[in-house]
Amino acid sequence: MFEHPECEAVLMVDAANAFNNINRETALHNIKIKCPIFAQYIENTYKEPARLFISSHNNQRLGDPVAIQSSEGTTQGDPVAMAMFALGMMKLQDIIRHENTNVKQVAYADDLTGVGKSADLRKWWDLVNEHGPKIGYHPNATKSVVIVKPEAYDRAKTAFQGSNVKLSVTGERHLGAAIGTAEYRTEYVKTAVKRWESELQRLSEIAKTEPQQAYAAFTYGVKHKWNYLMRTVPDVAPLLKPLEDAIRNTFIPAIANGRCPSDQERRLLELPPRMGGLGITNPQNLAESEFRNSIRITASLTGYITNQNERVEDNPQDIRSLRNEISINREGKQRDTLSDLMRELPEDTRRRTDIAQEVGASNWLTTLHIRAKGFNLNKKEFTDALALRYGWPVDGLPNMCNCGSPFNQNHAMTCKRGGFVCMRHDEVRDVTAQMLKEVCHDVTVEPMLLPLQGEHLARRTANVSNKARVDVSPRGFWTRGQRAYFDIRIFDPMAHCHRDLTLDAAHRRNEQEKNRAYEERIQNVDQGSFTPVVFTTAGGMGPRAQSFYARLAETLADKKQQPRSSVVAWMRCRLSFSLLRSALVCLRGTRSPAPKTTRIADLDFEATVVDSRINHKLC
């Protein structure tokens, strides 16, 4: 509206403590007329003065709280405060409406904004001052601003003479965006970017000691701070370059143990975790699309405001369809970026990116750091986890393994020296058994299969040992009364035997190997069902494992009377952290033999003291 040729100025009205000052009696009366369906709730909560409790302090000691009576305004924390305030303001809106004042206007909470010619705006301002206090809306002239075009400055100055309202020919902040000249908007964006740069510097300092918390703070909070600016101010992409430089050169190295990403890696890290990235977005790349999408999704509301149409008749289904379309387009663009990257990245990085895209492989990244829930990683674990995800160098690893092979990340995941591979397997087995015990009876860990007594198995690769075991066996999981058998395998997709296979093919091969070893014997001899549960070291699941855990989640959700989606999300996250911690132990755990200790039972203390010449006086 401000850019329209016939517009001279914009008046932004600031009210003094509006939410606490609105006249409660008047608001109750107006709501009964304007919105009867809402009136009963407001009547019940605001007809009598509300009690507010204030903690009293005496000699720095906490005393008993003091209760005061709140008889005006809305109470802080009331979820309907905004709706009550808006309805309470409607009487004033009726008086100052466009048909009466020739001023187009919009109100958001207590921020009232009008646009038009200077003389009309002065009349509009006088009406607000005259009728606003009657409902508890008290305009604050010293904080109200008229943004006027240079050619209309003299007329605005004459019109608002004696009002104490500030006049500006450059511009002013409006609801987190800016109205005014292009120069003012540029300066406003630069100031905001400088402030966000400073915040990123502080967050990067925190990331050096708490990288997981800093990463969560960025992805869940900080990166959304500039979304509103990108959606409301056009052509800001070039102005966001310092922000992107701070992200790339300061924040990412802080969480990645000093590694500064290459151009290809930076594009990869922009992508969401489910596509192999970290969700560390590039504000420069997002600015144009965010502004364009904002224009589209608010077009109908903008039309109502510019036309001053008070009867808003938006179809929620249309808005929902538009949002879905924007989401699909955004994901399509991300998929295109990923496809381009997969042609450019080195073979090792491409393989790791495929692994990171599997279901369950990125849950540890999208979860908040909550120690009580077991979802926390220390700074070394987090940086090592990123290094494993992308194949980055890891500091402090030995050149040779104790088994005699060259030591690297891939060898660490498969070396059986030290027992870490067994520990990784047992961790997943025990977690799965705990979940099964919640919904099944007679859950056994490592049950021995029935011995073979003359039975013939057709498959040559079948396990025919009379001491054969599987990992977990509950009764009644798939079929009522029948025993189900599950055997777990965790394989490294980066191992040489799997490098030439797609991930789907690798999962199928490992499942088939388990089936050939156990399925026929369990079905014919033990007369139960067999399910191979196959994982990658990064947390990806095979098809049969996905079916098994989906069924387990559904059963848990029915028993706990909780949403299935919540159970699935927790289950995947729990398994993801279990596998991640196991992988980190494989990477950092010592494989050297334990030092020999002295057997105290066979020790001759006196002879040892004499031989070692231990000084009695010093002891």
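Positions within a chain are numbered from 1, following the residues in the order the chain's sequence is written. At least 70 in pLDDT is required for a residue's local features to be given in this predicted model, at least 80 for side-chain atom pairs to be given and counted, and no such filter applies to totals for whole chains, interfaces and linings, which use all residues. Excluded from the side-chain calculation are hydrogens and water; included are all heavy atoms of the structure.

Engineer: Let's hear about the overall build of the protein chain: which residues, and what values?
Structural biologist: Counting secondary structure elements, the protein chain contains 25 helices and 13 strands. C-alpha atoms define the radius of gyration in this analysis, and the globule rule sets the expected value at 2.2 Å times the number of residues to the power 0.38. The C-alpha radius of gyration computed for the protein chain amounts to 34 Å, which surpasses the reference 25 Å derived for 619 residues by more than 25%, pointing to a less compact arrangement than a globule. Principal-axis analysis of the C-alpha atoms gives the protein chain an extent of 105 × 70 × 65 Å. Categorising residues by exposure relies on relative accessible area from a 1.4 Å probe, with only protein chains included: less than 20% of the type maximum marks a residue as buried, more than 50% marks it as exposed, and the intermediate range marks it as partly exposed. Scored against the burial criterion, the 619 residues of the protein chain give a buried share of 44%. Contacts spanning at least 24 positions in sequence make up 67% of the contacts within the protein chain whose residues lie at least 6 apart. Segments assigned H or I by DSSP are reported as helices when at least four residues long, segments assigned E as strands when at least two residues long, and all are numbered from the N terminus. Two residues form a contact once any of their heavy atoms are found within 4.5 Å.

Engineer: Give me the lowdown on the layout of surface pockets, citing residues and values where you can.
Structural biologist: Whether a set of points on the 1 Å grid over the protein atoms alone is a cavity depends on a 1.4 Å probe fitting there but being unable to get out, while an open set qualifies as a pocket with protein on both sides within 12 Å along at least five of seven lines; lining residues are those with an atom within 4 Å of a point. Grid points are joined across faces, edges and corners, and a volume is the space filled by probe spheres set on the points. As a volume, the second largest pocket reaches approximately 1,200 Å³. Elements with a minimum of two residues in the lining of the second largest pocket: helix H10 (211-220), helix H11 (227-232), helix H13 (263-270), helix H14 (283-297) and helix H16 (316-344). Looking at the lining of the second largest pocket, the element that brings in the most residues is H16, giving 9 residues. Of the residues contributing to the lining of the second largest pocket, the split by class is 13 nonpolar, 18 polar and 13 charged. Residue polarity follows a fixed list, in which Ala, Val, Leu, Ile, Met, Phe, Trp, Tyr, Cys and Pro are nonpolar, Asp, Glu, Lys and Arg are charged, and the others, Gly among them, are polar.

Engineer: Now, about the sheet that holds strand S4 (residues 104-108): what can you tell me, with residues and values included?
Structural biologist: Whether two strands pair comes down to DSSP finding at least two bridges between them. Spatially, S4-S5-S1-S6-S7 is the arrangement adopted by the 5 strands of the open sheet, whose pairing is mixed. A strand with exactly one partner marks an edge of an open sheet, and here the two such strands are S4 and strand S7 (166-168). Each strand axis lies, on average, 15° off the axis of its neighbour in the sheet, ignoring direction. An axis is simply a line fitted to the C-alpha atoms; with a helix, the fit covers only the stretch in contact. Between two such axes, the angle follows the N-to-C directions and lies from 0 to 180 degrees. Where helix H7 (residues 118-131) meets the sheet, its contacts fall on strand S1 (9-13), S4 and strand S5 (111-116), and the angle it forms with S5 comes to roughly 150°.

Engineer: So what about the state of the cysteines? Which residues, and what values?
Structural biologist: The term disulfide is used for any two cysteine sulfur atoms that are within 2.5 Å. Under the criterion given, the structure shown has 0 disulfides. Its sulfur unpaired, Cys-401 is 3.5 Å from the next cysteine sulfur, which belongs to Cys-403. Its sulfur unpaired, Cys-586 is 8.9 Å from the next cysteine sulfur, which belongs to Cys-415.

Engineer: Lay out the nonpolar core in plain terms, naming residues and giving numbers.
Structural biologist: One broad trend across soluble globular proteins is that nonpolar side chains are buried collectively. Counting 65 residues, the largest nonpolar core has Phe-218, Trp-226, Leu-278, Ile-280, Trp-364 and Phe-382 as its most contacted members. The element that contributes the greatest number of residues to this core is helix H9 (residues 182-207), accounting for 9 residues. Discounting residues that sit within four places of it in the chain, Phe-218 has contacts with Leu-200, Leu-203, Lys-223, Trp-226, Ile-247, Phe-251, Ile-280 and Thr-281. Counting 28 residues, the second largest nonpolar core, distinct from the first, contains Met-435, Val-443, Leu-552 and Met-571. Remark: nonpolar core denotes a set of buried residues (Ala, Val, Leu, Ile, Met, Phe, Trp, Tyr, Cys) joined through side-chain atoms within 4.5 Å.

Engineer: Tell me about the pattern of salt bridges, residues and numbers included.
Structural biologist: For this analysis, a salt bridge means a side-chain nitrogen from Lys or Arg found within 4 Å of a carboxyl oxygen belonging to Asp or Glu. Applying the stated criterion across every chain yields a total of 34 salt bridges. Among the ionic pairs, Asp-487 bridges to Lys-514, the shortest N-O distance being 2.4 Å. Of the two residues, Asp-487 is situated in strand S12 (residues 484-491) and Lys-514 in helix H22 (residues 503-526); the sequence distance between them amounts to 27 residues. On the basis of relative accessibility, which here comes to 11%, the residue Lys-514 falls in the buried class. Two residues, Glu-513 and Arg-489, come together in a salt bridge whose shortest N-O distance is 2.5 Å. Linking Glu-513 in helix H22 with Arg-489 in strand S12, this pair joins segments that are 24 residues apart in sequence. The class for Glu-513 is partly exposed, based on a relative accessible area of 32%.

Engineer: Could you give me a rundown of the side chain of Asn-30, with the residues and numbers involved?
Structural biologist: Relative to the assigned elements, Asn-30 resides in helix H2 (residues 24-34). Look at Asn-30 and you get buried, because its relative accessible area is 10%. What Asn-30 contacts, discounting residues up to four positions off in sequence, is Cys-35, Leu-87, Gly-88 and Lys-91.

Engineer: A description of unusual backbone geometry should follow, citing residues and the corresponding values.
Structural biologist: At Asn-102, a residue that is not glycine, the phi angle is positive and equals roughly 65°. Tracing the chain through its elements places Asn-102 in the loop between helix H6 (98-101) and S4. You can call Asn-102 partly exposed: its relative accessible area is 49%. For Ala-109, which is not glycine, the phi torsion reads 55° and is therefore positive.

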